[in-house]
Amino acid sequence: MTMKLLVATRNRHKLEEIRAIFTAPGLLLEGVDGIEGLPEVEEDGLTFEDNAKKKAVTLARAAKRWALADDSGLEVDALGGEPGVYSARYAGEPVDYEANNKKLLKNMAGLLNRKARFRCVIALSDADGRAEVVEGVCEGKITESSRGDNGFGYDPVFIPDGYSMTFAEMPAEMKNGISHRALALHAAWKKWGELLARYHC
């Protein structure tokens, strides 16, 4: 039997990454764009948890099926935790990864403390809006210039602890083994895998 789970994102890169990590026999992950009539969800929460829960609950209720949503971003110590929940639109609308990275590096110019982390919160909601969350964190530092062509978002300017390469310099398989999203998804499967295995539609 096939287990269908709605992934509450229209971000193609994020959906591909989740599909690469969150795998199991018979598990089918469907993106929001594959289902007509689903609402846009404004990510106006003050925390990653707020946004992840809102997306999961809103779309699970609208689609009348289980939904998984994540909200993630970069926290830089020297910038007081910025860009945080505003990571995707740090340089303004529309979302522009290169502009975000340029703004971040400009704001970090001359700062010795480069410590930062990627944080990912994943929420799972049933069709009635009951939701729970898990979290994954990847510690690292900010580079002084963009490096690498893989990945997306802030990957070219982030080096995880214990490595010399940025996420954007790593093969996808390597990044997907250590990233914040990978850690959160592994925690999600550990917590909810048995539950999802009983849910088929």
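Residues numbered from 1 in each chain as written. Predicted model: local features only at pLDDT ≥ 70, side-chain atom pairs only at ≥ 80, totals over all residues. Heavy atoms only, no water.

Caption draft 1: Here's a closer look at unusual backbone geometry. With omega at 0°, the peptide bond leading from Glu 82 into Pro 83 counts as cis. With respect to the secondary-structure elements, Pro 83 resides in the loop between strand 3 (67-76) and helix 3 (97-108). With omega at -10°, the peptide bond leading from Glu 93 into Pro 94 counts as cis. With respect to the helices, strands and loops of the structure, Pro 94 is situated in the loop between strand 3 and helix 3. (Helix = DSSP H or I, 4+ residues; strand = E, 2+ residues; numbered from the N terminus.)

Caption draft 2: Representation of helix 1 (residues 12-21) in the model. Looking only at helix 1, the buried set comprises Lys 14, Leu 15, Glu 17, Ile 18 and Ile 21. Viewed end-on, helix 1 has its buried residues packed into an arc of 165°, placing them on one side of the element. Close packing links the buried residues of helix 1 with strand 1 (3-7), strand 2 (27-31), strand 3, helix 4 (172-178) and helix 5 (180-197). (Buried < 20%, exposed > 50% of the residue type's maximum accessible area, 1.4 Å probe, protein only. Arc of directions from axis to C-beta. Contact = heavy atoms within 4.5 Å.)

Caption draft 3: Just the pairing of strand 3, in detail. Taking burial as the measure, the 10 residues of strand 3 include 10 buried ones, the bulk of the element. Burial along strand 3 is two-sided: the face carrying Ala 67, Ala 69, Asp 71, Gly 73 and Glu 75 and the face carrying Leu 68, Asp 70, Ser 72, Leu 74 and Val 76 are both buried. Across 2 bridges, the pairing between strand 1 and strand 3 is parallel. What sits directly across from Val 7, in strand 3, is Leu 68. Where strand 3 lies against strand 4 (residues 115-125), 10 bridges are found, and the strand directions are antiparallel. In the sheet register, Ala 67 faces strand 4, and the bridge partner there is Ser 125. (Pairing = 2+ DSSP bridges.)

Caption draft 4: The pattern of salt bridges, seen in detail. Evaluated as defined, the whole model comprises 24 salt bridges. Between Glu 75 and Arg 117 there is a salt bridge, with the nearest N and O atoms lying 3.9 Å from each other. In this pair, Glu 75 is assigned in strand 3 and Arg 117 in strand 4, connecting sequence segments 42 residues apart. According to the relative accessible area criterion, Glu 75 is buried, its value standing at 16%. Arg 130 serves as the salt-bridge partner of Asp 128, at 3.5 Å between the closest nitrogen and oxygen. Among the charged side chains, a salt-bridge network with shared partners connects Glu 75, Asp 77, Lys 115, Arg 117, Arg 119, Glu 135 and Glu 139. (Salt bridge = Lys/Arg side-chain N within 4 Å of Asp/Glu carboxyl O.)

Caption draft 5: Representation of helix 3 within the structure. With 12 residues, helix 3 ought to run about 16 Å at 1.5 Å a step, and its terminal C-alpha atoms sit 17 Å apart, in line with that. Of all the positions in helix 3, only Asn 100, Asn 101, Leu 104, Leu 105 and Met 108 are classed as buried. Down the axis of helix 3, the buried side of the element spans an arc of 125°, and every buried residue falls inside it. Facing away from the buried surface of helix 3 by more than 90 degrees, the exposed residues are Glu 98, Lys 102 and Lys 106. Check the buried side of helix 3 and you find it contacts strand 3 and strand 5 (131-142). (Expected span 1.5 Å × (residues − 1).)

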